[in-house]
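Spelled out from the first residue to the last, the chains are:
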Amino acid sequence: MADPNTTKTSSPILIAAAWAIVIIPTAWGLNYTMQNALKLFTSTATPATAQQSPK
Amino acid sequence: MGLAFLDRDRSIAPSGYSRWLVPPAALAIHLSIGQVYAFSVFKNPLLALHGADGSAWNLKEIGYIFSIAIAFLGISAALFGAWLERAGPRRAMFYAAICFGAGFFIASLGASTHSLALIYLGYGVIGGIGLGLGYISPVSTLIKWFPDRPGLATGLAIMGFGGGAMIGGPLASNLMAHFKNAGQPSIPYTMMTMGALYFIFMMFGVFTIRVPQPDWKPAGWVPSTKHAALISTHNVAVTEAWKTPQFWLLWVMLFVNVTAGIGILEQAAPMIQDLFKGKITPVAAVGFVGILSIFNMAGRFLWASVSDFIGRKGTYFTFFVLGAILYFFLPFARQDKINSVPLFVAIAALVISMYGGGFATIPAYLKDLFGGFNVSAIHGRLLTAWSAAGIIGPLIVNGILDHYVENKMPKEDAYPLILHIMCGLLVIGFIANLLVRAVDEKYWLKDQNVVVPAGAAH
């Protein structure tokens, strides 16, 4: 094993940048999907056509 | 050689290389190839295309594009898994990027010339090979980097495959709208742009991926000396693994879990509209599909991470017990019974989280049983269960629905039957999971002892 005192470790900035490259497009897609998902609760038919008594 | 940088030896991580750089590399691949789940955005535009002679394609012909891609995913994963173990993840990812990107370009040419055969060849066959190579390429590398949390590591990558549709869908829609407004051929230009973008994004994964040094282990991590019942202390070669009953039990488990998930995913939008007639608009149904996508993705990470604590067998036990109960009760939430949309959505979302979780947990289950030596190759062969489920699942769902429609029976009455068949399939998976035992000593690879990871006991 290499000596931990002389080993060059990965920069935290590099790690953060690598994660940002995959998180940014994912967040964009997630936001788009969430906007669509909210339509399930905001876009429903009128109550007159919706109301039916359960059997 | 110009491609020597792809060699396994050239991708060994230097001392001090952070293992947290490896999941983004894997995610870049899986977020890209996960686009396949959003292929449906091309369906209507392709239907509207006409050849020089005025001919047009029908829905069935266009549907084959996705089916061919998924079939070649399973075939290539099974065929190239053993090669991947020798060539290393970087070379496999590189070829995956080339195949996936080239697939778009060839399909673009097919759309330009109105040649369905070229689209089948490009997106289906060549792109499908890219899917299979890309899907399995980071799995064993992640397991080696995270011996303390293999479920979390594979869950992170395979979560990307679930999330890929969330990027690919809107990306394609926006690009097609852009090119259409600019007066350019929207489908060919969109496909070429996506092919180029995905190739570049996947190349980020190619250049970032590293395999750990042979003697590497996480700082401060001490392999457990306690041997859990199912966690192998030895490796099993891929040539032996598929002769074991454990491999085929896991094949059955993945097959039934995927088939059951397809029971909902295949007909999600029409199902909720049929079961809540007049209450759910087509726009709201699209929202339902969006919710399922989010839970499909989240389930992959969450369930696989949970499996590090409750064990793989315990996780699948939960899928098959809770899943069977939920599938049984799901139809009772419909309009003429309990009449609760929130309840229906909540149950369906939980069920789909377990569908995704099944995909993400299986590599760690394989690693527990067969060791990490050939886990990518074994995983590749197991993915044929996915291809089989991709054929059988829609056959069951569409066959029953067609039967009801042809016989003029209410379509909404078909869904309880479909969901209860899926419930029965999960019971078969439950039995298969119960039968899983440690791999017999006769299958062990000689002189290839491995350390035992500090995972949960089974």
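Residues numbered from 1 in each chain as written. Chains lettered and ligands numbered in written order. Predicted model: local features only at pLDDT ≥ 70, side-chain atom pairs only at ≥ 80, totals over all residues.

### Structural notes on the overall build of chain A
Inclusion rule: Per the convention used, a helix needs a DSSP run of H or I reaching at least four residues, while a strand needs a run of E reaching at least two, with both numbered from the N terminus. Once C-beta atoms are placed from the backbone, each residue is buried if 20 or more other C-beta atoms lie within 10 Å of its own, exposed if 12 or fewer, and partly exposed for counts between those two.
A count of helical and extended segments in chain A gives 2 helices and 0 strands. Across the 55 residues that make up chain A, the buried fraction comes to 16%.

### Quick look at the overall build of chain B
As a reminder of what qualifies: Only C-alpha atoms enter the radius of gyration; for comparison, a globular chain is expected to reach 2.2 Å times N to the power 0.38, where N is the number of residues.
Helix and strand counts for chain B come out as 17 helices and 0 strands. Relative to the 2.2 N^0.38 estimate, which gives 23 Å for 458 residues, the radius of gyration of chain B is 22 Å and therefore close to what a compact globule would have. If you line up chain B on its principal axes, its C-alpha atoms span 65 × 55 × 35 Å.

### Examining the domain arrangement of chain B
All names here are of chain B. Formally: Boundaries of every domain are those given by an automatic assignment or by a domain database. Residue pairs are scored as contacts if the distance between their C-beta atoms, which are placed from the backbone, is within 7 Å. Amino acid classes used here: Ala, Val, Leu, Ile, Met, Phe, Trp, Tyr, Cys and Pro are nonpolar; Asp, Glu, Lys and Arg are charged; the rest, including Gly, are polar.
Under the domain assignment, chain B is made up of domain 1 (4–208) and domain 2 (238–443). Using C-alpha coordinates to define each centre, domain 1 is positioned 23 Å away from domain 2. Contact with domain 1, which involves 29 residues of that partner, is made by 30 residues of domain 2. Contributing elements (two or more residues each) for the side of domain 1 that touches domain 2: helix H3 (59–87), helix H6 (139–145) and helix H7 (150–181). The greatest single-element share of the side of domain 1 that touches domain 2, amounting to 12 residues, is contributed by H7. Within the side of domain 1 that touches domain 2, the residues separate by chemical class into 18 nonpolar, 8 polar and 3 charged.

### Details of helix H4 (residues 89–113) of chain B
Residues and elements named next belong to chain B. Applied cut-off: What a helix is expected to span follows from its residue count: subtract one and scale by 1.5 Å.
In this model, H4 (25 residues) spans 36 Å end to end at C-alpha, consistent with the 36 Å of a helix rising 1.5 Å per residue. In terms of burial, H4 is a largely internal element, 20 of the 25 residues being buried. Phi for His114, located one or two positions after H4, is positive at around 55 degrees.

### So, the confidence of the model for chain B
Residues and elements named next belong to chain B. Basically, it comes down to this: pLDDT gives the predictor's per-residue confidence on a scale running from 0 to 100.
Per-residue confidence for chain B gives a mean pLDDT of 91; residues scoring 70 or more make up 96%. Residue range residues 449–458 is modelled with pLDDT below 50. Its contacts to residues more than four positions away, or to other chains, number 40 contacts. Note on the complex model: pTM 0.87, ipTM 0.85.

### Topic: the interface of chain A and chain B
Contacts between the two partners involve 31 residues from chain A, matched on the other side by 36 residues from chain B. Contributions of two or more residues to the side of chain A that touches chain B are made by helix H1 (12–42) and helix H2 (47–50) of chain A. Counting residues per element, the side of chain A that touches chain B draws most heavily on H1 of chain A, which supplies 17 residues. Broken down by class, the residue content of the side of chain A that touches chain B amounts to 17 nonpolar, 11 polar and 3 charged.

### A look at the packing of H7 of chain B against helix H14 (residues 341–370) of chain B
Residue and element names in this part refer to chain B. Using the following cut-off: To obtain each axis, a line is fitted to C-alpha atoms, and for helices this fit is confined to the stretch in contact; angles are then taken between N-to-C directions over 0 to 180 degrees. In this scheme the crossing of two helices becomes right-handed for a clockwise turn of the near helix relative to the far one and left-handed for an anticlockwise turn of less than a right angle.
Relative to each other, H7 and H14 sit at 145 degrees, their axes nearing to 8 Å. Every pair of crossing elements has a handedness; the one defined by H7 and H14 is right-handed. Along the contact surface, H7 presents Pro150, Gly151, Thr154, Gly155, Ile158, Met159 and Gly162, while H14 presents Gly356, Phe359, Ala360, Thr361, Pro363, Ala364 and Lys367. Of the residues that constitute the contact of H7 with H14, the class distribution is 7 nonpolar, 6 polar and 1 charged.

### Quick look at the confidence of the model for chain A
Caution applies to low-pLDDT regions: their predicted coordinates should not be interpreted in detail. The pLDDT averaged across chain A works out to 77; a share of 64% of its residues lies at or above 70. Per-residue pLDDT stays below 50 along residues 48–55 of chain A; that stretch engages in 12 contacts with residues further than four places along the chain or on separate chains.

### A word on unusual backbone geometry
All names here are of chain B. We note that Asn339 has phi near 60 degrees; this positive angle belongs to a residue other than glycine. Within the secondary structure layout, Asn339 lies in the loop between helix H13 (312–329) and H14. We classify Asn339 as buried; it has 20 C-beta atoms within 10 Å. Residue Lys408 is not a glycine yet carries a positive backbone phi of 55 degrees. Its 7 C-beta neighbours within 10 Å are what place Lys408 among the exposed residues.

### Structural notes on the nonpolar core
We apply this condition: Joining buried Ala, Val, Leu, Ile, Met, Phe, Trp, Tyr and Cys residues through C-beta atoms within 7 Å gives a set, and that set is a nonpolar core.
Ala96, Met202 and Leu254 of chain B are the most contacted members of the largest nonpolar core, which has 160 residues in total. Apart from residues lying up to four places away in sequence, Leu254 of chain B is in contact with Gly358, Ile362, Leu382, Ala385 and Trp386 of chain B.

### Concerning the environment of Leu417 of chain B
Take Leu417 of chain B: it is sitting in helix H17 (residues 414–435). Each C-alpha atom of the pair Leu417 of chain B and Ala304 of chain B lies 30 Å from the other, and the pair is 113 residues apart in sequence.

### Examining the environment of Val321 of chain B
Structurally, the position occupied by Val321 of chain B is in helix H13. Along the chain, Val321 of chain B and Met202 of chain B lie 119 residues apart, while their C-alpha atoms are 38 Å from each other.

### Details of the environment of Asp9 of chain B
Looking at the secondary structure, you find Asp9 of chain B in the segment before helix H1 (22–33). Through-space distance from the C-alpha of Asp9 of chain B to that of Val211 of chain B is 8.9 Å; in sequence the pair is 202 residues apart.

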